[in-house]
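Chain by chain, the residues:
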Amino acid sequence: MSDQVNIDKELNIKGEVCPYTFVKTKLAMETLSPGQVLKIILDHDPASVNVPKSLRGEGHEVLDLSKNENDDWVIIVQKKR
Amino acid sequence: MFEFTEDHIKRYSRHILLPEVGGIGQKKIYDAKVLLVGAGGIGAPVAYYLAAAGVGTIGIIDEDTVELSNLQRQIIHSMDDLGKEKAISAKETIEKLNTDVTVVTHLERASSANIMDIISKYDIVVDGSDNFPTRYLINDACILSNKPLSSGAVFRFNGQVMTIVPHEGPCYRCLYREPPPPDMTASCQEAGVLGVLPGTIGLLQATEVLKLIIGQGDLLCGRMLNYEALEMDFRKIKVNRNPSCAVCGDNPTITELDDYEAFCQMKF
């Protein structure tokens, strides 16, 4: 699915742990316009659950959660309109 | 424009996580300029917490020096500060807590001669003064300069908080037209105050200040919060704007500031 959407911004937060994974995700989301898409790359396993949950909690749409070729988590999220 | 460093992200993370604040709200907090009238019982916790919250500019008006009897409640001062100007002592404490904050000291008593000029440099005013002449002066100055004011007062076990948004809600004068005559009020030296009380009231005021800055929630505008510590009772009293108020009414008679007779210099 991530191949089909247009990514407006990418955020690499490998090495970050909760809650900073979401803090940095939130700051990146604030720089986007409504409807734009952010790709987040992270390697802290609990964040693969927490970040999508928190994003949904703020009304954004999580389009995809998957692992990439480096075994990192990739979250694709669209900013709420 | 303020850009977040890694340290800022960590320091303010618990704010940024709040949907109502976020990075956008935290930047508003950094850009805010808040004036505290008094660095005493109320001003001390307000200054300390607003500094921790990251308010970028905090002005403090106070001409008094730190005394041992202040330390029962004025938590921004300590033993090492005895004899030091309260505004300077507060500035030094804040600088140890958060170097993002610029503290501006005004080592003078608020008066009709200086207050309009001082207020013009700030966005929001917090009244933590201990006497009626200053309370009315600050109220009138905020109405005349159209600046929101958090008004707080403490007495023994009782405290009150009200947020005054000029011309949107009532002001202090809508509630009480004139200061009480000097001989009607209890002697300040003899009244006493529970040490934690100005902390409770000051933090309610600091909360209102942060809400004003981020533009969230319902303010104590048109509502006075009354707190009775002994009963642990919080009660909100509806207060209406008085259309014939001398300063914020439809035909105001107070168009410039006046100094009332000072009748008590003791700091709470």
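This section reports on the structure supplied with the text. No experiment lies behind these values; they were computed from the predicted model shown.

**Focus: the packing of helix 1 (residues 20-30) of chain A against helix 2 (residues 45-57) of chain A**
Residue and element names in this part refer to chain A.
Here is step 1 of the chain: With their axes 10 Å apart at the nearest point, helix 1 and helix 2 run at an angle of 40 degrees to one another. By the angle class used here, helix 1 and helix 2 are oblique. Helix 2 is crossed by helix 1, and the crossing has right-handed handedness. Along the contact surface, helix 1 presents Thr21, Phe22, Thr25 and Met29, while helix 2 presents Ala47, Val51, Ser54 and Leu55.
Here is step 2 of the chain: Of the residues belonging to the contact of helix 1 with helix 2, the class tally is five nonpolar, three polar and no charged.

**What about the packing of aromatic side chains?**
Here is step 1 of the chain: Across all of its chains, the model carries three aromatic pairs over all chains by this definition.
Here is step 2 of the chain: Between B:Tyr227 and B:Phe234, the ring centres sit 4.5 Å apart and the planes meet at 20 degrees, which makes this aromatic pair stacked.
Here is step 3 of the chain: Given the relative accessible area of 6%, B:Tyr227 is considered buried.
Here is step 4 of the chain: The rings of B:Tyr136, B:Tyr172 and B:Tyr176 are connected pair by pair, giving a single aromatic cluster.
Here is step 5 of the chain: In this arrangement the basic side chain of B:Lys10 is found over the ring face of A:Tyr20, its NZ or CZ atom lying 4.9 Å from the centre.
Here is step 6 of the chain: Across from the ring centre of B:Tyr172, 5.6 Å away, lies the NZ or CZ of B:Arg135, which sits over that ring.

**Some words on the pattern of salt bridges**
Pairing of side chains with opposite charge becomes possible as their charged atoms draw close.
All names here are of chain B.
Here is step 1 of the chain: Enumeration over the complete set of coordinates arrives at 15 salt bridges over all chains.
Here is step 2 of the chain: Lysine 84 serves as the salt-bridge partner of aspartate 81, at 3.1 Å between the closest nitrogen and oxygen.
Here is step 3 of the chain: Look at aspartate 81 and you get buried, because its relative accessible area is 6%.
Here is step 4 of the chain: Overall, lysine 84 belongs to the partly exposed group, its relative accessible area being 24%.
Here is step 5 of the chain: Lysine 121 serves as the salt-bridge partner of aspartate 117, at 3.5 Å between the closest nitrogen and oxygen.

**Quick look at the interface of chain B and chain A**
Here is step 1 of the chain: Contact residues are listed per partner, giving 13 residues for chain B and ten residues for chain A.
Here is step 2 of the chain: Counting each side, the surface lost to burial between chain B and chain A is near 970 Å², with a carbon and sulfur contribution of 68%.
Here is step 3 of the chain: It is B:Ile9, B:Ile16 and B:Leu17 that lose the most area in chain B upon contact with chain A, and together they represent 44% of the buried surface on that side.
Here is step 4 of the chain: Our count for the chain B to chain A interface comes out at one salt bridge.
Here is step 5 of the chain: Among the salt bridges present, the one from B:Glu6 reaches A:Lys24, with a minimum N-O distance of 2.6 Å.
Here is step 6 of the chain: Scanning the region where chain B abuts chain A turns up six residue pairs in polar contact (both at pLDDT 80 or more).
Here is step 7 of the chain: In terms of residue class, the side of chain B that touches chain A is built from seven nonpolar, three polar and three charged.

**Some thoughts on the environment of A:Val5**
All names here are of chain A.
Here is step 1 of the chain: Inspection of the secondary structure assignment puts valine 5 in the segment before strand 1 (9-12).
Here is step 2 of the chain: Among the residues examined, valine 5 registers a relative accessible area of 25% and is labelled partly exposed.
Here is step 3 of the chain: Along the chain, valine 5 and lysine 67 lie 62 residues apart, while their C-alpha atoms are 17 Å from each other.
Here is step 4 of the chain: Aside from chain neighbours lying at most four places away, what touches valine 5 is Val37, Leu63 and Ile76.

**Quick look at the environment of B:Gly22**
Here is step 1 of the chain: Tracing the chain through its elements places B:Gly22 in helix 3 (residues 22-31).
Here is step 2 of the chain: By relative accessible area, B:Gly22 is classed as buried at 0%.
Here is step 3 of the chain: Expressed as a C-alpha distance, the spacing of B:Gly22 and B:Ile214, which sit 192 residues apart in the sequence, is 9.7 Å.
Here is step 4 of the chain: Filtering out sequence-adjacent residues up to four positions away, B:Gly22 remains in contact with A:Lys26, A:Glu30, B:His15 and B:Ile16.

**As for the side chain of B:Asp62**
Residue and element names in this part refer to chain B.
Here is step 1 of the chain: Summarising the element assignment, aspartate 62 is placed in the loop between strand 2 (57-61) and helix 5 (86-97).
Here is step 2 of the chain: Classification of aspartate 62 by relative accessible area gives buried; the value is 2%.
Here is step 3 of the chain: Here alanine 39 takes part through its backbone nitrogen, which lies 2.8 Å from a polar atom of the side chain of aspartate 62.
Here is step 4 of the chain: Within the structure, the side chain of aspartate 62 is placed 2.8 Å from the backbone nitrogen of aspartate 64, a separation counted as a polar contact.

Rules used in this analysis
Residues numbered from 1 in each chain as written. Chains lettered and ligands numbered in written order. Predicted model: local features only at pLDDT ≥ 70, side-chain atom pairs only at ≥ 80, totals over all residues. Heavy atoms only, no water. Axes fitted to C-alpha atoms, helices over the stretch in contact; angles between N-to-C directions. Helix = DSSP H or I, 4+ residues; strand = E, 2+ residues; numbered from the N terminus. Parallel < 35°, antiparallel > 145°, perpendicular 65-115°, else oblique. Left-handed = near helix turned anticlockwise from the far one by under 90°. Contact = heavy atoms within 4.5 Å. Nonpolar A, V, L, I, M, F, W, Y, C, P; charged D, E, K, R; others polar. Phe/Tyr/Trp six-rings, centres within 6.5 Å; stacked < 30°, edge-to-face > 60°. Buried < 20%, exposed > 50% of the residue type's maximum accessible area, 1.4 Å probe, protein only. Lys NZ or Arg CZ within 6 Å of the ring centre and 35° of its normal. Salt bridge = Lys/Arg side-chain N within 4 Å of Asp/Glu carboxyl O. Buried area = accessible area lost by both parts, 1.4 Å probe. Polar contact = N/O pair within 3.5 Å; in protein donor to acceptor, adjacent residues only side chain to side chain.

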